[in-house]
Structures are given as structure tokens and as C-alpha cells.
Amino acid sequence: MRCALLLDPGPPPDVRPPWWRRIFRRRPRRAPVAGTRPRRRLWRRPGLALPIVLILLACGVWFALPHLSGWLGLAKDETGTPEAVPPTRFRASSTAPGHPAGAAFDGFNNRYWSPAEAGPDTGVGQYLECDFEQPVRVLKVVLFSGASARKDEFLDRARPARITVRLTSADGTSVERKLRLKDQPGQQTFDLRGSEIVRARLTTEAAYGAGRDRRLALAEVEFFGRRP
């Protein structure tokens, strides 16, 4: 009574928090009044989780765009059937009379390429080389070893046992794959991957049936993949 102050001043006045606290602060839920049913909200104001998720998705799409074409090409390679991609120019380290380099790319397995020298090391270090008119994506190579797909003619000549294939791309880079062939007539298929390929070289590393006066024979080489 003497100081004129209230004995019960009541709750202190609300102080508004700063803006940076209001961003992360959620409004307190009001307790429903007795005897009433709270109204269900049809739309809620999104919090920070949704914008963060959208930003992360946008960043992921942005960084994935440069690799999208490569992923689509890989999916197409795995699901589609590769087509024949024949080369247009041929050459060899050496050729025997009547058996030029082009005989291995003419589509007939009864005509063959054969190097010039015969003997125990026939064909070792000798190579076939071909060029593609336009860069291609190589997926497989099919080889017909020997002089023919017929067994009696197949055994008349030496046959490649191991071949190293080098694929050269348009930018000058190259990839190599070592192939081990079976000593049997008919086609043999190998997976062989390379992009933007403009040149292929097949080098013989070893041979079956080599001997005196016996030359190596390679009947056919076929490439399969995708055109640009």
C-alpha cells in the first residue's frame, strides 16, 4: 500500500524473438476448448525439409546431365542387338600370294588371309589392320580361324592360338584385349568394347599346327557394335 505496487503483477509481457530464431521456431499448438472438436487442417505449411530435398534433387540432376548420354548408351548396348560394322580399308604386315588382307573381311569363310612366311613360328608377330569409314562403337568381334569352316580344310593350315586386338579411337587413345582361340573350325565370338573406334589391329601371338612349309590362315574377322 505504501509503495503502490501490485502484489500480483501477473505474467511478464511476451518478447518477440529475433528473425533468425523465428525461422526455425514452430508456433505452439493451441489447446482445444472443452466441448469443441479441433478442425483438421487440409494444408500444412511446409517446413525446411521439403526445400532442402528439392535443392538436393536439382543438384543431382545438374551433375548427372554430362553422364546421361553415356548411361543411355550403356543401357542400349546391354538390351539391344549389335549390328555389323564392317571396315572399309584393310592391310597386313605381309601377305602370301593369293591370300590378301581383304580376304579376312569379305564375308566368306572359305577365303583367308595368310602371312608370307611359313615355318615353326609362322604368323607370330604378323598382323591384320583395318579402318572404319566413320567412328563406331565396337561391342563384339567374331573370328573364323584357319583356312575354312570345313574340318579337313581347317587342319591343312596353321591356326591362330592367341591374338591381341588393339582398338584405336578418333582421339588417338587405344585399348587392347588378348583373345585365346580354340583350335576348332567355325565362328568364335568375343566381347570387345571400344567407343569412337576408327582402327583395329589383330596381331598373332601364337599358333596351332605350325610346322615346316605351313602358313598361318585366318578366314574371317567380323566386328559388331553401333554406328553413330
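Residues numbered from 1 in each chain as written. Predicted model: local features only at pLDDT ≥ 70, side-chain atom pairs only at ≥ 80, totals over all residues. Heavy atoms only, no water.

Even after reading the chapter, I still don't get unusual backbone geometry, so can you show me in this structure?
Most peptide bonds adopt trans geometry, and most residues besides glycine take a negative phi value. Unlike most non-glycine residues, Glu-196 shows phi in positive territory, near 55°. Position of Glu-196 among the secondary structure elements: in strand β6 (residues 187-208). Residue Glu-196 is classed as partly exposed on the basis of its relative accessible area of 47%. Backbone geometry places Asp-213, a non-glycine residue, at a positive phi of 60°. (Helix = DSSP H or I, 4+ residues; strand = E, 2+ residues; numbered from the N terminus. Buried < 20%, exposed > 50% of the residue type's maximum accessible area, 1.4 Å probe, protein only.)

I tried to follow the environment of Ser-93 on my own but got confused; where do I start?
One can find Ser-93 in the loop between β2 (89-92) and β3 (127-145). With a relative accessible area of 32%, Ser-93 lands in the partly exposed category. Along the primary structure Ser-93 and Gly-123 are separated by 30 residues, whereas in three dimensions their C-alpha atoms are 9.8 Å apart. Ser-93 has contacts with Gln-126 and Tyr-127, leaving out every residue within four places of it along the chain. In terms of polar contacts, Ser-93 uses its side chain to reach the side chain of Gln-126, at 2.5 Å. (Contact = heavy atoms within 4.5 Å. Polar contact = N/O pair within 3.5 Å; in protein donor to acceptor, adjacent residues only side chain to side chain.)

Where do I start with the pairing of strand β7 (residues 218-226) in this structure?
The side chains of a regular strand alternate between the sheet's two faces. Of all nine residues in β7, seven are buried; the element is thus mostly enclosed. Here strand β1 (residues 83-84) runs beside β7; their pairing, made up of two bridges, is antiparallel. Counted as the bridge partner of Ala-84 is Phe-224 from β7. Inspection of the sheet shows β3 paired to β7 by eight bridges, in the antiparallel sense. Each bridged residue has a counterpart across the sheet, and for Lys-140 the counterpart in β7 is Phe-224. (Pairing = 2+ DSSP bridges.)

Which parts of the structure should I look at to understand a nonpolar patch on the surface?
On the surface, a cluster of nonpolar side chains totalling about 290 Å² of accessible area is made up of Val-53, Leu-54 and Leu-57. Positionally, Leu-54 belongs in helix α2 (residues 49-79). (Patch = residues over 30% accessible without salt bridge, like charges linked within 9 Å, V, L, I, M, F, W, Y side chains within 5 Å. Areas by Shrake-Rupley, 256 points an atom, 1.4 Å probe, with all protein chains shown as cover. Salt bridge = Lys/Arg side-chain N within 4 Å of Asp/Glu carboxyl O.)

Would you explain the side chain of Thr-122 in this entry?
Looking at the secondary structure, you find Thr-122 in the loop between β2 and β3. At 3.1 Å, the side chain of Thr-122 forms a polar contact with the backbone nitrogen of Leu-216.

Just to check I follow, could you spell out the pattern of salt bridges for this structure?
Close approach of charged atoms allows side chains with opposite charge to pair. In this structure the tally under the stated criterion is 12 salt bridges. Among the salt bridges present, the one from Arg-150 reaches Glu-153, with a minimum N-O distance of 3.6 Å. Residue Glu-176 pairs with Arg-166 through a salt bridge whose shortest N-O separation is 2.9 Å. Of this pair, Glu-176 sits in strand β5 (residues 174-180) while Arg-166 is found in strand β4 (residues 159-169), placing the two residues 10 residues apart along the sequence. On the accessibility criterion, Glu-176 (49% relative accessible area) is partly exposed. A single salt-bridge network, built from bridges that share partners, covers Arg-89, Arg-91, Glu-129, Asp-131, Arg-199 and Arg-201.

Quick question: what am I supposed to make of the confidence of the model for the chain here?
Predicted coordinates in areas of low pLDDT are best not read in detail. Put simply, the chain has an average pLDDT of 83, and 70% of its residues get 70 or more. Mean pLDDT across the elements of the chain ranges from a minimum in helix α1 (residues 19-24), with 62, to a maximum in β4, with 97. (pLDDT = per-residue confidence, 0-100.)

Where do I start with the nonpolar core in this structure?
In a soluble, globular protein the nonpolar side chains are often hidden away together inside. Core analysis: the largest hydrophobic core is formed by 27 residues, its most contacted members being Leu-128, Val-141, Leu-143, Val-221 and Phe-223. Ranked by residues supplied to this core, first place goes to β3 with seven residues. Residue contacts for Leu-143: discarding those within four places in its chain leaves Ile-163, Leu-179, Leu-181, Gly-186, Gln-187, Gln-188, Phe-190, Leu-202, Glu-220 and Val-221. (Core = buried A, V, L, I, M, F, W, Y, C linked by side-chain atoms within 4.5 Å.)

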